[in-house]
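Residues per chain are reported as follows:
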Amino acid sequence: MKKGLLFLFALIYSFLSYGQVYLAEDFGSGTMPPTGWTIDGYAAQWSNEATSKAGGTSPEAMFSYINVTNGTSRLISPVVDLTGVSSVTLSFNHYYDYYAPGTKIGVAKRFGTSAWTTVWELPATANMGPETRVIPLTGVGQPDFQFCIYIAGNLYNVDYWYIDDIKLFIP
């Protein structure tokens with residue numbers, strides 16, 4: 001009886017300790033962009049690669065350089081209904097393969113077709129990663145929420161940018 005009760009309490013605790021996952025993408029489908037995702041700007045530079053440089057498992061997304069000195073490319077999430085949710089967490093693995101300065105990477109959010117609002121951004125000054133980025137997002141409680149992971153600036157000055165295991169969740 002004690003073992004049964006202990007098991008039941010452990011089971012209930014495990015369900016309560018996990019948050020809600022709204023979106024998860026591991027690029028395992030082999031398509032770029034994955035179903036429901038879109039790419040804005042230089043879509044041909046995005047590919048699905050059989051590598052694991054971002055720190056996840058193969059395959060992963062990869063952005064490769066292009067001879068453009070002032071551009072922006074966004075990997076845009078599907079629309080997520082976050083009605084009644086005040087904050088969520090975005091996490092993703094990435095590895096930035098540096099070539100020269102002049103590029104920045106970041107995350108932005110929007111509702112519907114409104115303008116993007118940057119929530120995290122870094123100038124690329126060296127190789128970054130592999131690492132997991134965890135970004136808290138607040139003020140998200142809308143039915144038409146989207147986020148994007150973007151690269152901007154001199155796109156010739158990146159060798160490659162690898163991204164994997166994107167997750168939007170409540171911890």
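Residues numbered from 1 in each chain as written. Predicted model: local features only at pLDDT ≥ 70, side-chain atom pairs only at ≥ 80, totals over all residues. Heavy atoms only, no water.

A. Spotlight on the sheet that holds strand 8 (residues 117–123). On the basis of which strands lie adjacent, the open sheet formed by five strands has the order 2-5-10-7-8 and antiparallel pairing. The open sheet has two free edges, formed respectively by strand 2 (38–40) and strand 8, since each of these has just one partner strand. Shown here is a sheet whose adjacent strand axes are inclined to one another by a mean of 20°, direction ignored. Note: strand 5 (residues 71–76) against strand 10 (residues 145–153), six bridges, orientation antiparallel. The residue bridging Arg74 from the neighbouring strand is Tyr150, located in strand 10. (Pairing = 2+ DSSP bridges. Helix = DSSP H or I, 4+ residues; strand = E, 2+ residues; numbered from the N terminus. Axes fitted to C-alpha atoms, helices over the stretch in contact; angles between N-to-C directions.)

B. Main features of the environment of Gln146. You can see Gln146 is positioned in strand 10. On the basis of relative accessibility, which here comes to 8%, the residue Gln146 falls in the buried class. When the C-alpha atoms of Gln146 and Leu82 are compared, they prove to be 9.7 Å apart, with 64 residues separating the residues in sequence. With sequence-adjacent residues up to four places away left out, Gln146 is seen in contact with Ile76, Ser77, Pro78, Val79, Ala108, Lys109, Arg110, Gly112 and Trp116. A distance of 2.7 Å separates a polar atom in the side chain of Gln146 from the backbone oxygen of Ser77. (Buried < 20%, exposed > 50% of the residue type's maximum accessible area, 1.4 Å probe, protein only. Contact = heavy atoms within 4.5 Å. Polar contact = N/O pair within 3.5 Å; in protein donor to acceptor, adjacent residues only side chain to side chain.)

C. Inspection of a nonpolar patch on the surface at higher detail. A surface patch of nonpolar side chains, amounting to about 320 Å² of accessible area, comprises Tyr65, Tyr99 and Tyr156. As for its placement among the helices and strands, Tyr156 is situated in the loop between strand 10 and strand 11 (158–169). The class for Tyr156 is partly exposed, based on a relative accessible area of 37%. (Patch = residues over 30% accessible without salt bridge, like charges linked within 9 Å, V, L, I, M, F, W, Y side chains within 5 Å. Areas by Shrake-Rupley, 256 points an atom, 1.4 Å probe, with all protein chains shown as cover. Salt bridge = Lys/Arg side-chain N within 4 Å of Asp/Glu carboxyl O.)

D. Geometry of the environment of Ser87. Relative to the helices and strands, Ser87 resides in strand 6 (residues 87–98). The spacing of Ser87 and Gly141 is 54 residues in sequence and 7.4 Å in space, taken between C-alpha atoms.

E. Summary view of the packing of aromatic side chains. With the rule as written, the count across this model stands at nine aromatic pairs. A centroid spacing of 6.0 Å and a plane angle of 70° characterise the contact between Phe92 and Trp120, whose relative ring orientation is edge-to-face. Linking Phe92 in strand 6 with Trp120 in strand 8, this pair joins segments that are 28 residues apart in sequence. Comparing Phe92 with Trp120 shows no difference in burial state: the two are buried. An aromatic cluster is built from Tyr65, Tyr95, Tyr99, Tyr156, Tyr160 and Tyr162, whose rings are joined through pairwise contacts. Cation over ring: Lys167 sits above Phe169, and NZ or CZ is 4.8 Å from the ring centre. (Phe/Tyr/Trp six-rings, centres within 6.5 Å; stacked < 30°, edge-to-face > 60°. Lys NZ or Arg CZ within 6 Å of the ring centre and 35° of its normal.)

F. Examining the nonpolar core more closely. Core analysis: the largest hydrophobic core is formed by 34 residues, its most contacted members being Phe92, Phe147, Trp161, Ile166 and Leu168. Sorting the residues of this core by element identifies strand 4 (60–64), strand 6, strand 7 (103–111), strand 9 (128–138), strand 10 and strand 11 as the ones contributing at least two each. Counting residues per element, this core draws most heavily on strand 11, at five residues. For Phe147, the residues in contact, after removing those within four places along its chain, are Leu23, Trp37, Leu75, Ile76, Ser77, Leu90, Ala108, Lys109, Trp116, Ile166 and Leu168. (Core = buried A, V, L, I, M, F, W, Y, C linked by side-chain atoms within 4.5 Å.)

G. Fine view of unusual backbone geometry. For the peptide bond that leads from Met32 to Pro33, omega is -5°, which places it in the cis range. By secondary structure assignment, the location of Pro33 is in the loop between strand 1 (21–25) and strand 2. For the bond from Ser58 to Pro59, the omega torsion is 0°, close enough to zero to count as cis. Of note, Pro59 is situated in the loop between strand 3 (46–49) and strand 4.

H. Inspection of the confidence of the model for the chain at higher detail. When the pLDDT values of the chain are averaged, the result is 92; 89% of them are 70 or greater. In the predicted structure, residues 4–17 sits below a pLDDT of 50 and forms zero contacts with residues beyond four places in sequence or in another chain. (pLDDT = per-residue confidence, 0-100.)

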